[in-house]
Amino acid sequence: MSGPANDWISNPLEGFDPGQLNELETWWAERQKALELAGYMLRPRYRKDWRPSWVETNKYYRLCEDGQPHRRRVVMDATRISDGKTVMLKKLPESEGPYELQINRLFSSTPLVSSPRNHCARLLDVIELPNDPPIMVHPHLRPFYDPPFNTYGEFVAFFEQICEGVQYMHEHNVAHRDCTSENIMLDPSRVYPQSFHPVDIWRRKDFRGNAKKHTRTRYPPRYFLIDLGLSRLYDPANGPPLDQPLRGGDKSAPEHQDLTTPCNPFPTDVYYLGNLVREKFIQKYLGFDFIKSLIADMIQEDPARRPTMNEVVTRFSELKGKLSTWKLRTRMARNNEIWPVAAWRTFGHWYRTVGYVLARKAALPEPK
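Given the structure is predicted, the values throughout are model-derived calculations rather than measurements.

Engineer: Got a minute to help me understand the overall build of the protein in this structure?
Structural biologist: Per the secondary structure count, the protein includes ten helices and ten strands. With the principal axes as the frame, the protein shows a C-alpha extent of 60 × 55 × 40 Å. The buried share of the protein, reckoned over its 368 residues, is 49%. The long-range fraction of contacts in the protein, counting pairs at least 24 apart against all pairs at least 6 apart in sequence, stands at 68%. Carbon and sulfur atoms make up 53% of the accessible area of the protein, which amounts to about 19100 Å² in all. Averaging the coordinates of the 52 positive side-chain charges in the protein and doing the same for the 45 negative ones gives two points 8 Å apart.

Below is the structure:
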């Protein structure tokens, strides 16, 4: 008998035992009981009585739910005991904690939290354990790029929301400073109605098959900004801020190539959003000529020549108004598709689109 399970049994990776927790996981497992008393249950892998389900079987550990290790530095998934919902726990690093907690509380407090323009992921709770840094509790979200974008209308709805969210932060004198692809998420509650596994996000939560998903056109999601660890609140009375560069996920900002010269972080946020669209959409898909001029301005080398977020939102609103319903419903085709694949995908796309039109699904899928 051969296969991944027997390959592992016969030739385990030297020094690696999937039945042992890694160092990052151990910190959380040691606090499992305290977190349970606080109202949050960790997965079976992190409980005191855990015994790997694949032991003494021919199962490959990566095909088991409890064989999914968490490798994020300060983040762990949990279930909120009161309602069974999956949430994300984040241990606040000492170097970032005071700012991140302060700004999370700002955007999760009244009246800011009730604004539809607020796209900062909501702070649900703060867990205080003895002799430990605070642990923030956030909703369980999903990377903005999954499920894949199908139409230009889906892209427009996404970019409009994220620009609105960063604009809202700027209006309250907060620069995100890391609004890059890894820190933009979507609310999966309708797109993935049965949820999904927090580590292997393409699998069901119980690991019995793939997670069921819908398109963004059928169930329009809201998008959120996360990870405010580099964010800062500035006093407008002091004029435009000058701060030391803090390089997050996107290290290409021209003003950050010199790590010693203070710069204004607000134009850098504009650059991050523009560069995200350039790298994730314009360079990979056809049909984005309508936004190239705006993006070119957002990523100008001189930060002073970039538009403000107010100007970005205004200009994008004008661009959106010029797009036809046909364009919004058109499939986003990759620039390297060969014609048989493109033809097949286009046929399937318009077949679904007819159904959406009959069901009165909007060409611009905005959440209600």
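Engineer: Is there a simple way to think about empty space enclosed by the protein in this case?
Structural biologist: The gaps left among the atoms become clear once a water-sized probe is rolled over them. One pass over the full model with this rule turns up one cavity of 30 Å³ or more. If you add up the space inside the largest cavity, you get close to 100 Å³. In this structure, the largest cavity is lined by Asn150, Thr151, Glu154, Thr217, Leu328, Arg329, His349, Arg352, Thr353, Tyr356 and Ala363. For the lining of the largest cavity, the element with the most residues is helix α10 (residues 339-358), which contributes four residues. By residue class, the composition of the lining of the largest cavity is three nonpolar, five polar and three charged.

Engineer: Got a minute to help me understand the packing of helix α5 (residues 152-171) against helix α8 (residues 309-321) in this structure?
Structural biologist: Each pair of packed helices can be described by the angle between their axes along with the distance between the axes. For the pair α5 and α8, interaxial distance at closest approach is 9 Å and the crossing angle is 155°. As summarised for this structure, α5 and α8 are arranged roughly antiparallel, according to the angle between their axes. As for the relative orientation of α5 and α8, their crossing is left-handed in sense. Residue-level inspection shows Val156, Phe159, Glu160, Cys163, Glu164, Val166, Gln167, His170 and Glu171 of α5 in contact with α8, the latter providing Met309, Asn310, Val312, Val313, Phe316 and Lys320.

Engineer: It is not clear to me how α10 should be interpreted in this structure. Could you clarify?
Structural biologist: Note on helix geometry: an α-helix contains 3.6 residues per turn, so any two residues three or four positions apart are oriented the same way. Taking 1.5 Å of rise per residue, 20 residues should cover 28 Å, and α10 covers 28 Å from first to last C-alpha, within 8% of that figure. On its buried face, α10 is in contact with α9 (325-329). Looking one or two residues beyond α10, the residue adopting positive phi is arginine 360, at roughly 60°.

Engineer: Looking at this structure, I do not really get helix α7 (residues 289-298). What am I missing?
Structural biologist: Where α7 is concerned, the buried positions are Phe290, Ile291, Leu294, Ile295 and Met298. Each buried residue of α7 lies within a common arc of 100° when the element is viewed along its axis, so the set occupies one face. Exposed and oriented more than 90 degrees from the buried face of α7 are Asp289 and Ser293. Residues of α7 that are buried make contact with α5, α6 (265-282), α8 and α9.

Engineer: Honestly, the nonpolar core in this entry has me stumped. Any pointers?
Structural biologist: One recurring pattern in soluble globular proteins is that nonpolar side chains are buried together. Judged by nonpolar contacts, the single largest core of 49 residues is most densely connected at Phe155, Phe158, Phe159, Leu273, Phe281, Phe288 and Ile291. When residues of this core are traced back to their parent elements, those giving at least two are α4 (97-107), α5, β8 (184-186), β9 (223-225), α6, α7 and α8. A per-element tally of this core places α5 first, with eleven residues. Not counting residues within four places of it along the chain, the set of residues in contact with phenylalanine 158 comprises Phe144, Phe149, Ile184, Tyr223, Leu276 and Phe281. Judged by nonpolar contacts, the second largest core, of 14 residues, contains Leu42, Ala78, Leu129 and Val137.

Engineer: Quick question: what am I supposed to make of the side chain of aspartate 178 here?
Structural biologist: The topology assignment puts aspartate 178 in the loop between β7 (174-175) and β8. Beyond its immediate stretch of four places on either side in the chain, aspartate 178 contacts Asn183, Asp227, Leu230, Gly248, Gly249, Asp250, Asp269 and Tyr272.

Engineer: Is there a simple way to explain the pattern of salt bridges in this structure?
Structural biologist: Close approach of charged atoms lets side chains of opposite charge pair. Under the counting rule described, the total for this entry stands at 20 salt bridges. For glutamate 100, the salt bridge is made with lysine 90, and the minimal N-O distance between the two is 2.7 Å. Note that glutamate 100 is positioned in helix α4 and lysine 90 in strand β3 (residues 86-91), a separation of ten residues in sequence. With respect to burial, glutamate 100 and lysine 90 carry one shared label: buried. For the salt bridge of glutamate 171 with arginine 117, the shortest nitrogen-to-oxygen distance reads 2.8 Å.

Parameters at a glance
- Residues numbered from 1 in each chain as written.
- Predicted model: local features only at pLDDT ≥ 70, side-chain atom pairs only at ≥ 80, totals over all residues.
- Heavy atoms only, no water.
- Helix = DSSP H or I, 4+ residues; strand = E, 2+ residues; numbered from the N terminus.
- Buried < 20%, exposed > 50% of the residue type's maximum accessible area, 1.4 Å probe, protein only.
- Contact = heavy atoms within 4.5 Å.
- Areas by Shrake-Rupley, 256 points an atom, 1.4 Å probe, with all protein chains shown as cover.
- Lys, Arg positive; Asp, Glu negative; His and termini not counted.
- Charge placed at Lys NZ, Arg CZ, Asp CG, Glu CD.
- 1 Å grid on protein atoms, 1.4 Å probe; cavity = no way out; pocket = protein on both sides within 12 Å on 5 of 7 lines; lining within 4 Å.
- Points joined across faces, edges and corners; volume = space filled by probe spheres on them.
- Nonpolar A, V, L, I, M, F, W, Y, C, P; charged D, E, K, R; others polar.
- Axes fitted to C-alpha atoms, helices over the stretch in contact; angles between N-to-C directions.
- Parallel < 35°, antiparallel > 145°, perpendicular 65-115°, else oblique.
- Left-handed = near helix turned anticlockwise from the far one by under 90°.
- Expected span 1.5 Å × (residues − 1).
- Arc of directions from axis to C-beta.
- Core = buried A, V, L, I, M, F, W, Y, C linked by side-chain atoms within 4.5 Å.
- Salt bridge = Lys/Arg side-chain N within 4 Å of Asp/Glu carboxyl O.

Note that every value here comes from positions in space, so none of it alone points to a role or purpose.
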